[in-house]
Structure formats: structure tokens, C-alpha cells
Amino acid sequence: MLRFRKGCYVIETIFDPDVSQSFAAFSPWHFVAIGTLAGLGLLLYLFRRRIRSRPWLRQGARIGLLAALVLPEAVLHVWYGVTGIWDPATSLPLELCSLTLFLSAAVLLTDSAKLYPLVYFAGIGGALQAVLTPNLDYPFPHFRFFHFFIVHMAIILTALYMTWIRGYRPTWKSIGHTMLFLNAAALVVGLANAALGSNYMFLMHKPNTPSLLDLLGPHPYYILAEELIALCLFVVMHIAFFAIPERVRKRRSQANPSSFSLKG
């Protein structure tokens, strides 16, 4: 990419740490990323029975998700080192989505029913907000643009894969477990922020790009508001996608037991 910078034209590559343009929220490429996530989620849902019934498709989807989680993140840290911009205040994997990325990889590798609710609630909740309101400095087609959206999509799709393909279901208790996890993570990350002068998980101040936190008041009140919103969101996610469909299935089964089939 040929760009005019500092009085002359320079060639920018997709790995250049200094770029002349910045990411613009709700730009055409941002909408492409959002549409890609929606399309992949829809395909996963529409073909859930076929994937579920074919071991090679299940394995392929699992490996694909693992690759989408691990490879871009590995390249990111290599990029930090090669370009000399690695900084403990900004480069450690201590953001919420970094934590849920590792949890997503772990649940794909282990099929852990204990880790699944954390990925479903915290993973979808955090990654979806990130996709809709990205805290991102690099525009398309920079490597960081692709890294950001690929790993966040993979977190969400992992939760959906474990739900629709593997058949996992969260419980009401798992909402409480997820809230405990988030608070424990915030405590540990808060201590790291104090030691490093960092702002992981935006515990010290709001991001410098527009986000939902702008609507939640000043520091530290927006953190308390986040807690309440997260709890309400998790409850809604459970009711809308599990409690209500389960009740509908039970009513249909009772009304017409002979025509009741396996859960979709």
C-alpha cells in the first residue's frame, strides 16, 4: 500500500506497526466483518444436524475454530516482538476476550462442561460487544484488523458450536459461576494494572474509542454498571435461547407425544 506520510510516499505493508489511517467504526469493512459473523453463525445453525451427524464435519469444524483462535493470536505476539512494540502495559493477554479466547481453545480441546458456560456467557457477551464497537487502531487490510475480527468471531462461534453441535447447555447456577469468574478475573487484572500502569479490561478508564461504556457514567461507576448489565444479559441469554425453547418443546411433546422428535 502506497501512502503519503511525513512529507513523502512510503510503502505500508499489512504488518506495518505505523499506519497513516485508522479504523473507522461502522465503515463498509466493519459491516463486512459483522455480516461475516452473522453469516457464519447462520450457516452453523442451519447445518447443525448435518455437522452433528458426521464425525469428519464435527472434527473439521473443531479444528477450524481452534486454528482461528490460536494461530492469529500466536502471530500477534510474534509481530509484537519483531516490530519492537511489545509492551507489558498493552501486550499481555489480560483483556476479557483474551481470557475467553484461551477458555474457548480449552473447551474445544477438552469438551469441558465446566468451562462451557464461561465461554457461552462471558465469551459471547464480551466478543460480541468487541465486534460491534471495536477498540482497534488498524484499518482493513492490516493484519491487526484480520486478527481482531477472526479471533472474536471464533470465540462466539466456539460457544455456538458447543451449544448447537456438541449439545451443551448452561444452567441457572452457571450464571453465578460466570459472574464469580468475571469478578475474580477483574481482581487479578486490577492488581496487574496497578503494578504495570496498564488499563486491561478497561478497569482504570474507558477506551479511547467509542464504546458502550460511554453510556455508563464515569469511573468507577461504569464498572458497577457493567456488572449489572452482564448479569441481566446472561439471564436474557439463558431465558431466550434455553428456558423458553425448552418449555415450548415440553408443551409440544405433551400435546402430541407421537410426533415429538429429537431436540434440534
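Look up: the structure comes first, before these words.
Residues numbered from 1 in each chain as written. Predicted model: local features only at pLDDT ≥ 70, side-chain atom pairs only at ≥ 80, totals over all residues. Heavy atoms only, no water.

**Student:** Hey, could you go over the packing of helix α4 (residues 96–110) against helix α5 (residues 116–132) for me, with residue numbers and the actual values?
**Tutor:** With their axes 9 Å apart at the nearest point, α4 and α5 run at an angle of 140 degrees to one another. Regarding the angle of α4 to α5, the classification is oblique. Once α4 is placed against α5, the crossing between them reads as left-handed. Here L96, C97, T100, L103, S104 and V107 of α4 come into contact with α5, specifically with Y116, L118, V119, A122, G123, G126, A127 and A130. (Axes fitted to C-alpha atoms, helices over the stretch in contact; angles between N-to-C directions. Helix = DSSP H or I, 4+ residues; strand = E, 2+ residues; numbered from the N terminus. Parallel < 35°, antiparallel > 145°, perpendicular 65-115°, else oblique. Left-handed = near helix turned anticlockwise from the far one by under 90°. Contact = heavy atoms within 4.5 Å.)

**Student:** Account for helix α1 (residues 28–46), naming residues and giving values.
**Tutor:** Counted at 1.5 Å a residue, the expected span for α1 with its 19 residues is 27 Å, and the 26 Å between its end C-alpha atoms agrees. Along α1, the positions that sit buried rather than exposed are H30, A33, L37, G41 and L44. Here the buried residues of α1 occupy an arc of 65 degrees about the axis, which is enough to place them on one side. In α1, those exposed residues whose orientation departs by more than 90 degrees from the buried face are P28 and L46. Where α1 is buried, its residues touch α2 (48–53), α5 and α6 (143–164). (Expected span 1.5 Å × (residues − 1). Buried < 20%, exposed > 50% of the residue type's maximum accessible area, 1.4 Å probe, protein only. Arc of directions from axis to C-beta.)

**Student:** Give a detailed account of the environment of L215, specifying residues and quantitative values.
**Tutor:** With respect to the helices and strands, L215 occurs in the loop between α7 (172–196) and α8 (221–255). With 10 residues separating them along the chain, L215 and A225 place their C-alpha atoms 9.7 Å apart.

**Student:** Lay out the pattern of salt bridges with the relevant residues and their values.
**Tutor:** Considering all chains together, one arrives at two salt bridges under this definition. With a shortest N-O distance of 3.0 Å, D111 and R166 are connected by a salt bridge. Residue D111 is located in the loop between α4 and α5, and its partner R166 is located in the loop between α6 and α7; the two are separated by 55 residues in the primary sequence. A salt bridge links R249 to E246, with the shortest nitrogen-to-oxygen separation between them at 3.2 Å. Of the two residues, R249 and E246 are both situated in helix α8; the distance of three residues between them amounts to about one turn of the helix. (Salt bridge = Lys/Arg side-chain N within 4 Å of Asp/Glu carboxyl O.)

**Student:** Describe in detail the packing of aromatic side chains, supporting the description with residues and values.
**Tutor:** The geometry of an aromatic ring pair is captured by two quantities: the separation of the ring centres and the angle between the planes. Across all of its chains, the model carries 19 aromatic pairs by this definition. Plain terms: the ring middles of F121 and F234 are 5.3 Å apart, the flat faces sit at 45 degrees to each other, and that makes the pair tilted. Taken together, the residues F121 in helix α5 and F234 in helix α8 connect sequence positions 113 residues apart. Each member of the pair F121 and F234 is classed as buried. Clustering of aromatic rings is evident, with ring pairs tying together F23, W29, F140, F145, F146, F148 and F149. A cation sits over an aromatic face here: R48 above Y45, 3.9 Å from the ring centre. (Phe/Tyr/Trp six-rings, centres within 6.5 Å; stacked < 30°, edge-to-face > 60°. Lys NZ or Arg CZ within 6 Å of the ring centre and 35° of its normal.)

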